[in-house]
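Summary of the model geometry
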Amino acid sequence: MAFRDECGVFGICHQAEASRQTYLGLYALQHRGQEAAGICSGDEKGLHLHKAQGYVADVFTEAVLDALPGDAAIGHTRYSTTGGNVASAAHPFLIHGRFGQVALCHNGNLTNTEALRASLITDGHTFTSPSDSEVLLALINRAQADSLEEAVVMALRQAKGAFSLLILTEDALIAARDPHGFRPLAMGRMGETHAFSSETCAFDLVGVQYERDVEPGEMVVVSRKNGEIRSRFPLPKVQARPCVFEHIYFARPDSLVYGRSVMVARREMGRRLAMRHPVEADLIVPVPDSGVSAALGYSEYSGIPFDFGIIRNHYVGRTFIEPKQNIRSFGVKVKLNPVRHLLAGKRVVLVDDSIVRGTTSKKIVQMVKEAGAREVHMRIACPPTTHSCFYGIDTPKRQHLIASYMNLKEITEFVEADTLGYLDLEDLEGCMGDDGPGHGKGFCYACFTGDYPVPPGE
């Protein structure tokens, strides 16, 4: 799997240890971004910010959390889309402006960032980072509005593309989601405490009860003074198109995303994959960790035994020092290792969530064959990825997506599998309950179809 994770956001209000609860929430969302992390908290003295590049556990120490007092906080764990992996692009962003102190963190990607940035620069604004999230803050600060809440509304009406936002001010915690609902944002409660998160697995860790999702186009305002919570829908109503890849790959399987169990959806993808692409084999092996749930579903339907024939080293960071002597497929081998006694002489079905460039899949197939597998059949729990994403997922340019320029036979030969089968789009829609009235309109499938709800650059 070569897709990069997107970002995770977490926020909490009316909680005595808000920054520590946010730290735990980000810890649960670490899979969504490993490049940088940040928390902004608020007390009666104002807002307090700490952010840096690195994992959550490395960025925050006891001393750092002690310096983030208050009963409200927002946090972010980042993988770069717009802005690249630079320290200045870490979230949250904090400004001291017309409406006092305002902090913002953002999951998603605006499609009209460059046009907005150019207009703001022409008007004299200076940016400190290449992030589209800083553009949103600038729009808020420059809005011709009488209140911060109205300024946020005016800014969001200018933004196009994907955004699930958390905004912390001196008076409120605000959550907002773009009209298409591309990126997830759940809300929960624990007594008087209100919380928001990209995924519900973070709620499980801090003891918050999931209530519902922030709806597409909705803005939820929680007063920091009296706990009053208000909802409004200030953005134009359009057909919701949440990203289906959350269920295919990004989200943790123990989460509810868009109110649906990720684990249940992935196992159903595996069952339908087995139904659509059966094969005589001895062993079902997931590509760790992204293929595990689908592989379980494939095994359940096919009756072929499931086992962990490939083991992942979970303690490998994003980068490592390679040996000077060239070792074939070293980058894959340092992360994944075959269990030879399970694979030797077997006909193996390798199950993964997707194929992007194809180079990693090829190395994994080679590794399994070198471990003694007699046959290797690849099964992919989504349709061929033929188009880039512009809504917050770091996909390669289209010309680098193998399915955009190779047919099934050519991809099979490239990855050196004996056979290759993808989940059909129709089956994926069925797994997501999107096969009834309005067939195929409930989720965004643009990476498979090129049907972009918001055209790139607009």
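Residues numbered from 1 in each chain as written. Predicted model: local features only at pLDDT ≥ 70, side-chain atom pairs only at ≥ 80, totals over all residues. Heavy atoms only, no water.

**Some details on the confidence of the model for the protein**
For the protein, the mean per-residue pLDDT works out to 92, and 92% of the residues sit at or above 70. Taken together, the stretch residues 1-5 has pLDDT below 50 and engages in 31 contacts with residues farther than four places along the chain or on a different chain. (pLDDT = per-residue confidence, 0-100. Contact = heavy atoms within 4.5 Å.)

**Description of the side chain of glutamine 366**
For glutamine 366, the position within the fold is in helix H13 (residues 359-370). A polar contact is formed between the side chain of glutamine 366 and the side chain of glutamate 416, at a distance of 3.3 Å. (Helix = DSSP H or I, 4+ residues; strand = E, 2+ residues; numbered from the N terminus. Polar contact = N/O pair within 3.5 Å; in protein donor to acceptor, adjacent residues only side chain to side chain.)

**Structural notes on the sheet that holds strand S2 (residues 36-43)**
Strand order across the open sheet formed by seven strands is S3-S2-S4-S1-S10-S9-S11, with antiparallel pairing between neighbours. Of all strands in the sheet, those with a lone pairing partner are strand S3 (46-53) and strand S11 (209-213), marking the two edges. Strand-to-strand twist in this sheet, taken as the mean axis angle between neighbours without regard to direction, amounts to 15 degrees. Judged from the four bridges that link them, strand S9 (residues 186-190) and S11 form a sheet pairing that is antiparallel. Residue pairing across strands places glycine 188 opposite tyrosine 210, the latter belonging to S11. In the packing of helix H1 (residues 18-28) onto the sheet, the strands contacted are strand S1 (7-13), S2, strand S4 (72-78) and S9, and the crossing angle to S4 comes to about 25 degrees. (Pairing = 2+ DSSP bridges. Axes fitted to C-alpha atoms, helices over the stretch in contact; angles between N-to-C directions.)

**Quick word on the sheet that holds strand S19 (residues 347-352)**
The four strands are arranged S16-S19-S20-S21 in an open sheet whose pairing can be described as parallel. In this open sheet, the two strands that pair with only one neighbour each are strand S16 (283-286) and strand S21 (419-422). Across the sheet, the axes of successive neighbouring strands diverge by a mean angle of 20 degrees, strand direction being ignored. Of the strand pairs in this sheet, strand S20 (residues 375-380) and S21 are connected by four bridges, and their pairing is parallel. Considered in S21, the bridge of isoleucine 380 is made with tyrosine 422. Each of S19 and S20 is contacted by H13, which is oriented at about 150 degrees to S20, the strand it contacts most.

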